[in-house]
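A look at the structure
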Protein chains: 2
Amino acid sequence: MFKVNDNYLKLPGSYLFSTIGKKVNAFAAQNPDKKIIRLGIGDVTQPLAPAIIKALHVAVDEMAQAETFKGYAPDLGYEFLRKAIAENDYKARGCEIAADEIFVSDGAKCDAGNIQEIFSVDNKIAVCDPVYPVYVDTNVMAGRTGVYDSAKEIWSDVIYMPCVAENGFAPELPKETPDLIYLCFPNNPTGSTVTKSQLQEWVDYANKVGAVIIYDAAYEAYISEEDVPHTIYECEGARSCAIELRSFSKNAGFTGVRLGFTVIPKDLKCGEVSLHSLWARRHGTKYNGAPYIVQRAGEAVYSEEGKAQLKQQVAYYMNNAKYILEGLKSAGYTVSGGVNAPYIWLKAPGGMTSWEFFDYLLEKANVVGTPGSGFGPSGETYFRLTAFGSYENTVEAVDRMKAL
Amino acid sequence: MFKVNDNYLKLPGSYLFSTIGKKVNAFAAQNPDKKIIRLGIGDVTQPLAPAIIKALHVAVDEMAQAETFKGYAPDLGYEFLRKAIAENDYKARGCEIAADEIFVSDGAKCDAGNIQEIFSVDNKIAVCDPVYPVYVDTNVMAGRTGVYDSAKEIWSDVIYMPCVAENGFAPELPKETPDLIYLCFPNNPTGSTVTKSQLQEWVDYANKVGAVIIYDAAYEAYISEEDVPHTIYECEGARSCAIELRSFSKNAGFTGVRLGFTVIPKDLKCGEVSLHSLWARRHGTKYNGAPYIVQRAGEAVYSEEGKAQLKQQVAYYMNNAKYILEGLKSAGYTVSGGVNAPYIWLKAPGGMTSWEFFDYLLEKANVVGTPGSGFGPSGETYFRLTAFGSYENTVEAVDRMKAL
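The notes below deal with the structure included here. Given the structure is predicted, the values throughout are model-derived calculations rather than measurements. (Residues numbered from 1 in each chain as written. Chains lettered and ligands numbered in written order. Predicted model: local features only at pLDDT ≥ 70, side-chain atom pairs only at ≥ 80, totals over all residues. Heavy atoms only, no water.)

**As for the overall build of chain A**
To be explicit about the condition: Only DSSP runs of H or I covering at least 4 residues are called helices, and only runs of E covering at least 2 are called strands; the numbering of each starts at the N terminus. Radius of gyration: over C-alpha atoms. The globule rule applied is 2.2 Å multiplied by the number of residues raised to the 0.38 power. Relative accessibility thresholds used throughout: buried, under 20% of the residue-type maximum; exposed, over 50%; partly exposed, between the two (1.4 Å probe, protein chains only). Two residues qualify as a contact provided that any one of their heavy atoms is within 4.5 Å of a heavy atom in the partner residue. Each accessible area is a Shrake-Rupley result for a 1.4 Å probe, and residues are judged covered by the shown protein chains and nothing else. We treat Lys and Arg as the positive residues and Asp and Glu as the negative residues; His and chain ends play no part in the count. Where a charge lies is defined by one atom per residue type, namely NZ (Lys), CZ (Arg), CG (Asp) and CD (Glu).
Along chain A, the regular secondary structure elements total 13 helices and 17 strands. Computed over the C-alpha atoms, the radius of gyration of chain A is 21 Å, within 12% of the 22 Å expected from 2.2 N^0.38 for a compact globule of 404 residues. The buried share of chain A, reckoned over its 404 residues, is 65%. Expressed as a percentage of contacts within chain A between residues at least 6 apart in sequence, the contacts between residues at least 24 apart total 73%. Split by element, the accessible area of chain A, about 14,300 Å² in all, is 50% carbon and sulfur. Measuring between centres, the 39 positive side-chain charges of chain A sit 3 Å from its 49 negative side-chain charges.

**Considering empty space enclosed by the protein**
Our working definition: With a 1 Å grid spanning the protein atoms alone, the term cavity applies to any set of points in which a 1.4 Å probe fits but cannot get out, the term pocket to an open set with protein on both sides within 12 Å along at least five of seven lines, and the term lining residue to any residue with an atom within 4 Å of a point. Grid points are joined across faces, edges and corners, and a volume is the space filled by probe spheres set on the points. Note on residue categories: nonpolar means Ala, Val, Leu, Ile, Met, Phe, Trp, Tyr, Cys or Pro, charged means Asp, Glu, Lys or Arg, and polar means any other residue, Gly included.
What the rule picks out here adds up to four cavities of 30 Å³ or more. In this structure, the largest cavity spans a volume of roughly 210 Å³. The class makeup of the residues in the lining of the largest cavity is six nonpolar, six polar and eight charged. Computed from the structure, the second largest cavity encloses a volume of approximately 50 Å³.

**Comments concerning the interface of chain B and chain A**
Note the threshold: Defined here as a combined quantity, buried area equals the accessible surface (1.4 Å probe) lost by two parts on assembly, summed across both. A pair is scored as a salt bridge if a Lys or Arg side-chain nitrogen falls within 4 Å of a carboxyl oxygen belonging to Asp or Glu. Pairs of N or O atoms within 3.5 Å make up the polar contacts considered here, provided that, within protein, one atom can donate a hydrogen while the other can accept it, and that residues adjacent in sequence are counted only when both atoms are side-chain atoms.
Each partner contributes residues to the interface: chain B has 81 residues there, and chain A has 81 residues. Together chain B and chain A conceal approximately 6,700 Å² of surface at their shared face, both sides included; 61% is due to carbon and sulfur atoms. When the buried surface of chain B facing chain A is broken down by residue, B:Phe2, B:Tyr72 and B:Arg281 rank first, second and third, together holding 12% of it. Scanning the region where chain B abuts chain A turns up two salt bridges. Note that B:Arg281 is salt-bridged to A:Asp137, the shortest N-O span being 3.5 Å. Linking chain B with chain A are 31 residue pairs in polar contact (both at pLDDT 80 or more). Going through the elements one at a time, α1 (6–10), α3 (50–62), α5 (108–114), α6 (133–141), β11 (269–270), α8 (275–286) and α9 (292–301) of chain B are the ones with two or more residues in the side of chain B that touches chain A. A total of eight residues in the side of chain B that touches chain A trace back to one element, the largest contributor, which is α8(B).

**Comments concerning the packing of helix α3 (residues 50–62) of chain A against helix α11 (residues 304–330) of chain A**
Residues and elements named next belong to chain A. We count it as follows: Axes, fitted as lines to C-alpha atoms, cover a helix only where it is in contact. Angles between the N-to-C directions of the axes lie from 0 to 180 degrees. Oblique is the label for any angle not covered by the other classes, which are roughly parallel (under 35 degrees), roughly antiparallel (over 145) and roughly perpendicular (65 to 115).
Their axes nearest at 8 Å, the elements α3 and α11 cross at an angle of 135°. In terms of axis orientation, α3 runs oblique to α11. Judged by residue contacts, Pro 50, Ala 51, Ile 52 and Lys 54 of α3 engage Glu 305, Gly 306, Gln 309 and Leu 310 from α11. Residues of the contact of α3 with α11, tallied by class, amount to four nonpolar, two polar and two charged.

**Observations concerning the environment of B:Asn123**
Locating B:Asn123 in the fold gives a position in the loop between α5 and β3 (125–129). A relative accessible area of 1% places B:Asn123 in the buried class. Separated by 230 residues in the primary sequence, B:Asn123 and B:Thr353 place their C-alpha atoms 33 Å from one another. The residues contacting B:Asn123, other than those within four sequence positions of it, are A:Phe2, A:Lys3, B:Arg144, B:Asp179 and B:Leu180. Among the polar contacts made by the side chain of B:Asn123, one reaches the main-chain carbonyl oxygen of A:Lys3 at a distance of 2.7 Å.

**So, the sheet that holds strand β14 (residues 343–347) of chain A**
All names here are of chain A. Under the convention used in this document: The pairing criterion for strands is at least two bridges between them, as found by DSSP.
Strand order in this open sheet of four strands is β13-β14-β17-β16, and the pairing throughout is antiparallel. Looking at which strands have only one partner, the edges of the open sheet turn out to be β13 (335–337) and β16 (370–371). Pairing of β16 with strand β17 (residues 382–386), which is carried by two bridges, proceeds in the antiparallel orientation. Note that in β17 the partner of Thr 370 across the bridge is Arg 384. This element, helix α12 (residues 354–365), spans β14, β16 and β17 of the sheet and lies at about 45° to β17.

**Focus: the side chain of B:Asn139**
Of note, B:Asn139 is situated in helix α6. With residues near it in sequence (within four places) discarded, B:Asn139 still touches B:Gln116, B:Ile125, B:Arg144, B:Thr145 and B:Tyr182.

**Things to note about the pattern of salt bridges**
Residue and element names in this part refer to chain A. One pass over the full model with this rule turns up 34 salt bridges over all chains. For Glu 117, the salt bridge identified is with Arg 282, shortest N-O distance 3.2 Å. Residue Glu 117 is located in the loop between α5 (108–114) and β3 (125–129), and its partner Arg 282 is located in helix α9 (residues 275–286); the two are separated by 165 residues in the primary sequence. The buried category is assigned to Glu 117, whose relative accessible area is 12%.

If you want it as structure tokens, here you go:
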């Protein structure tokens with residue numbers, strides 16, 4: 001008789017955003033007259049930029065003619081896209097990353113979930129607390145996290161690095177030595193970030209203890225301050241200890257288009273084994289490439305026209321972030337984030353728990369946010385709002401919250 | 001110090017088609033004047049049908065307007081596509097599969113590779129020999145296959161079911177009881193298939209011994225004979241023992257568009273745990289949906305216009321199959337397949353091994369095929385040709401082979 005992967009059964013509850021979705025749907029069904037404003041899940045709302053739409057149409061037409069039709073893509077992505085990435089995201093910032101160290105994929109969530117697979121099940125992970133649930137849940141599924149303590153909401157074999165008001169929501173080097181360190185800056189969910197010298201400390205630490213940093217830079221386009229690194233490869237020594245995950249979802253609105261990439265420098269090795277070769281093997285065996293038309297859309301992100309249009313799109317969302325940040329501050333909320341990230345992290349008022357505030361906000365203001373406790377125990381009593389709504393909805397949501 | 005997943009290191013050589021690609025590229029570089037005809041990897045060559053192109057353009061335009069823009073897709077796929085699949089692929093064939101038992105994905109290769117993850121590492125797999133390499137390799141990566149015997153080219157913990165001329169390339173029920181049984185009909189690589197009553201025996205067997213059949217029906221559009229099942233759910237009892245993998249790659253030319261789906265009936269359980277819930281959890285945690293525009297293209301496959309156009313496309317490839325089959329037969333080759341599948345399976349002449357024949361054919365006729373031994377030990381001395389080339393190239397390749 002077949003058996004299932006028992007690790008799946010250890011997962012408490014369902015995926016955070018599925019739970020939120022169900023709660024909101026139930027509320028909407030009971031209150032069909034209420035206009036619900038969703039500032040919960042980090043989904044974009046602005047349409048694709050004209051340069052991207054144009055590239056998509058051109059690529060679709062190529063698929064209509066035998067001479068220009070494209071079948072299976074190269075395993076690791078089309079050269080035209082990998083070159084554009086290497087040039088714009090790395091070389092332009094003085095980072096030495098070759099096109100063939102870039103693996104094109106259908107998004108950073110998939111890569112963030114799958115990357116653990118090339119490591120030993122015995123490896124110990126360290127995560128920020130609060131944290132994007134995918135890092136932890138996928139390690140649970142792989143059997144890497146030990147036993148769950150449902151009272152404390154922590155796993156016995158995970159090293160948690162609290163990110164709280166006291167440390168400016170920036171993790172400190174862990175006391176226990178990890179093998180894999182998940183870092184995300186600008187951070188989801190807190191919207192905080194670190195300076196280049198702070199990140200350099202992490203790189204030095206990882207090289208010293210023989211750990212790999214899995215660096216999620218999905219929100220780098222939202223960085224507005226000077227001293228904040230856009231990629232971990234700005235730090236010296238990162239090529240021998242860091243994998244970087246990148247996304248087109250937030251900088252170009254590709255949440256429904258699906259495109260991302262992962263960088264694994266060839267210097268990153270365990271003895272003689274390069275992680276690059278393992279990830280290439282995974283891509284070749286379990287993946288079949290991102291759609292040609294989508295890779296062409298990704299290329300358009302790096303065109304002069306595309307860059308200009310997307311700069312405006314990011315500015316639009318950051319204007320929302322500013323409105324939320326200032327509005328809630330003026331209403332007496334304790335808030336952070338929102339300067340280098342599209343996320344605002346606020347303290348639930350009146351001693352409410354995160355989920356209490358979720359229900360309160362949904363019911364009283366018909367505004368959907370994300371409970372901080374859903375991201376880890378140190379997120380309890382916190383709450384995440386996103387700047388990805390329309391300006392009109394954002395203003396209305398903040399005004400409703402101010403009126404509570 | 002971090003460690004890697006040692007199971008990856010057990011994999012012999014590289015992924016079959018990567019190896020072939022490298023060999024062909026080397027030959028092409030040394031022989032720039034030779035016109036190489038590729039009938040190796042099962043990649044399509046005909047452009048997307050007009051109905052699909054139209055749907056893509058319409059969907060791209062929707063992404064250009066805030067009112068119709070689509071962000072994250074529903075975890076398991078858009079309802080419009082899941083309904084079209086349930087209606088056309090199942091209800092129309094008298095099979096009871098609900099839309100919410102269908103999981104839309106970016107292709108059958110990914111699903112074929114990932115599906116093993118919801119099962120225990122202790123489970124024992126059975127595969128046809130020869131077999132599509134992804135089934136075995138992904139189980140190797142998960143640590144489910146034991147020790148590799150490089151002389152025999154077999155894994156100690158895999159049950160091999162030889163498909164050879166003597167049994168008409170149809171597997172027999174294994175002596176040792178498996179937990180997971182991978183079946184693929186119409187078959188890749190042999191092009192053979194089974195009748196409905198033969199498949200019913202497998203379903204009865206799986207239900208009896210408590211095994212799950214992972215049924216890959218990626219080639220069902222090529223079935224031309226009456227008594228051959230298009231889906232395993234045509235068999236009684238399949239809802240409690242079978243997962244079906246389906247693809248848009250071969251019936252609609254989506255190899256570069258990326259779309260597939262997996263069916264897991266809710267009756268398929270291990271005790272109280274439904275496999276449907278585990279796969280839903282995996283989708284929700286590690287995947288972010290197929291692109292909206294691609295799902296709309298998938299919907300167009302089921303339109304009246306799309307169906308008519310794709311019927312012609314399949315007929316085009318099957319005409320190639322017929323030309324190969326008859327041409328090689330007349331030249332004295334021993335051939336099979338090609339009637340219900342786009343693959344022709346032939347015996348290497350003159351006692352050559354599969355790779356010897358690969359090199360011989362590449363060098364003498366500049367034709368690329370796939371060595372049968374790359375699919376498993378029982379594939380040794382066999383060779384696979386695909387019908388996915390253009391008609392002109394197919395004719396030229398066969399004529400060159402006849403002239404050898």
